[in-house]
Amino acid sequence: MKNVLIILTDQQRKDSLSCYGNPVCRTPNLDRLAASGLRFNRNYVANPICMPSRLCIFTGKNIRNHGLWTNGLLINEQETVAGHFSRQGYATATIGKLHFTPHGSGGENNMESGAYWHDQTFPIQWHGPYWGFEHVELILGHNHAPKAHYGEWFYKNGGTDDMIKLQRHPDNFKTGTRPLPEHLHNSAFVAERSIEFMQSSRQAGKSFFLVASFPDPHAPFVPPADTAETYAPADVVMPAGSADDLASRPPHYREHFQGQWDRGHSARIKKPTPHGVTEAETRDRIAKTYAMVDLVDQNVGKLLGFLTAQGLHDETLVVFTSDHGELLGDHGLWAKGPFYYEGLINTALLIACPPLIKPGVSETLF
């Protein structure tokens, strides 16, 4: 094994992939990756929230040992697997959303904070090192004005503020579209810049350890308008269970269903839902999720195509997974933790490297 490519998505359900049984969402590139390697059916995250789960993945520690138990905490930089590869002579990089530190706080000591990039000027001089990665190109948050390295790339390639204006669903504040061309979406940024890093590493004669980290399909459910048009709400797979299942659960389950409680407490509540989210809204959110997953898959195809074209297919260990899933309406609930349902904690895991790994399906608890 010469290279390592980790493809990470954010808040993606396992059953949003065709290779895991979704009959509607188109994921041909990830399906091919699954067919060429091991597809794990029982892969469980260490925590159903972004920052704790991501630190578990990259430090190899459980939450008790790395100390980051929820989003929004700022902790000191720790040893990661990237640092181990760097010391072995690998070129190491992360492109996209890393989220080891909070996006909303931390100021000048937090390179992932929106406050740090508030008065950014281009060209950006900072590219790491950061948490063991020698080279860093960041995306901050979800569907906001492009900032950091993605912002520089977006505007340099013809992006305008009009392209990111939200066309909001009239009855659903978390759903909509943007008149953003697919080639300027942050998923395209991750693919293009990741390919550039792999190419430059190869030209320098170095093996690479690369994390290509897509911010989608994390809510809000806002894909480019052209992508959204390819999925009809009437065709989606509806969620598991119903709100009746919450009768035996602790009170905060029902309160979350009614829009009265979430991890950030009442300050984060934007729209009460005393009767839950309607079927029409549910279908629209799921259709938009499929569109975001589709666009991720298209750009994963570019990464895998590069490996094949450059003769690196048999020299690269490719791992695909997500930091956690999304409730996506199961039992009337949305978003993420602390609800330990399968759709939230049982995520996709695909591992492929043809010379080392025999294709198949694993039922091993992972």
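Everything that follows concerns the structure shown earlier in this document.
Rules of the game
Here the residue numbers are simple positions, counted from 1 along each chain's written sequence. Residue-level local features of this predicted model are given only where pLDDT is at least 70; pairs of side-chain atoms are given and counted only at 80 or more, and the full residue set underlies all totals for whole chains, interfaces and linings. The side-chain values count all of the structure's non-hydrogen atoms but skip hydrogen atoms and water molecules. Think of it this way: any DSSP run of H or I at least four residues long counts as a helix, any run of E at least two long counts as a strand, and we number them from the N terminus. The span you would expect from a helix comes to 1.5 Å times its residue count less one. Relative accessible area decides the class of each residue, using a 1.4 Å probe on protein chains only: under 20% of the type maximum gives buried, over 50% gives exposed, and in between gives partly exposed. In short, DSSP must find at least two bridges between two strands for them to pair. The convention used is that axes are lines fitted to C-alpha atoms, helices contributing only their stretch in contact, and that angles between N-to-C directions extend from 0 to 180 degrees. Only heavy atoms matter for contacts: two residues are in contact if any of them lie within 4.5 Å across the pair. Criterion for a salt bridge: a side-chain nitrogen of Lys or Arg within 4 Å of a carboxyl oxygen of Asp or Glu. When an angle is under 35 degrees it counts as roughly parallel; over 145 it counts as roughly antiparallel; between 65 and 115 it counts as roughly perpendicular; any other value is oblique. Under the scheme applied here, ten amino acids are nonpolar (Ala, Val, Leu, Ile, Met, Phe, Trp, Tyr, Cys and Pro), four are charged (Asp, Glu, Lys and Arg), and all others, including Gly, are polar.

Concerning helix α9 (residues 279-309)
At 3.6 residues per turn, the α-helix brings residues three or four places apart onto the same side.
Then, in step 1: Over its 31 residues, α9 runs 45 Å from end to end, which matches the ideal 45 Å to within 8%, given 1.5 Å per residue.
Then, in step 2: Of all 31 residues in α9, 24 are buried, a share of seventy percent or more.
Then, in step 3: One or two positions beyond α9, positive phi appears at G311, with a value near 70°.

Quick notes on the sheet that holds strand β9 (residues 349-352)
Then, in step 1: Sheet architecture is open: eight strands sit in the order β4-β3-β7-β1-β8-β9-β2-β10, paired in mixed fashion. Whereas interior strands pair on both sides, the edge strands pair on one side only; in this sheet they are β4 (135-138) and β10 (360-362). Neighbour to neighbour, the strand axes of the sheet diverge by 10° on average, direction disregarded.
Then, in step 2: Strand direction decides the pairing type here: strand β8 (residues 316-322) and β9, joined by four bridges, are antiparallel. Bridging across to β9, F320 finds its partner in L350.

So, helix α5 (residues 148-156)
Then, in step 1: Along α5, seven of the nine residues are buried, which leaves the element largely enclosed by surrounding structure.
Then, in step 2: For α5, every residue scored as buried is listed here: A148, H149, Y150, G151, E152, W153 and F154.
Then, in step 3: Against the buried residues of α5 lie β4 and α6 (186-203).
Then, in step 4: A positive backbone phi angle near 100° is found at G158, which sits one or two residues after α5.

Considering the pattern of salt bridges
Then, in step 1: Applying the stated criterion across every chain yields a total of eleven salt bridges.
Then, in step 2: Taking the shortest distance from any N to any O, the salt bridge between D15 and R13 comes out at 2.9 Å.
Then, in step 3: Its relative accessible area of 35% is what places D15 among the partly exposed residues.
Then, in step 4: Accessibility expressed as a relative area gives 10% for R13, which makes it buried.

Quick look at the packing of helix α1 (residues 28-36) against α9
Then, in step 1: Relative to each other, α1 and α9 sit at 50°, their axes nearing to 7 Å. The angle between α1 and α9 falls in the class oblique. On α9, the residues that touch P28, N29, L30 and L33 of α1 are D297, Q298, V300, G301 and L304.
Then, in step 2: Grouping the amino acids of the contact of α1 with α9 by side-chain chemistry returns five nonpolar, three polar and one charged.

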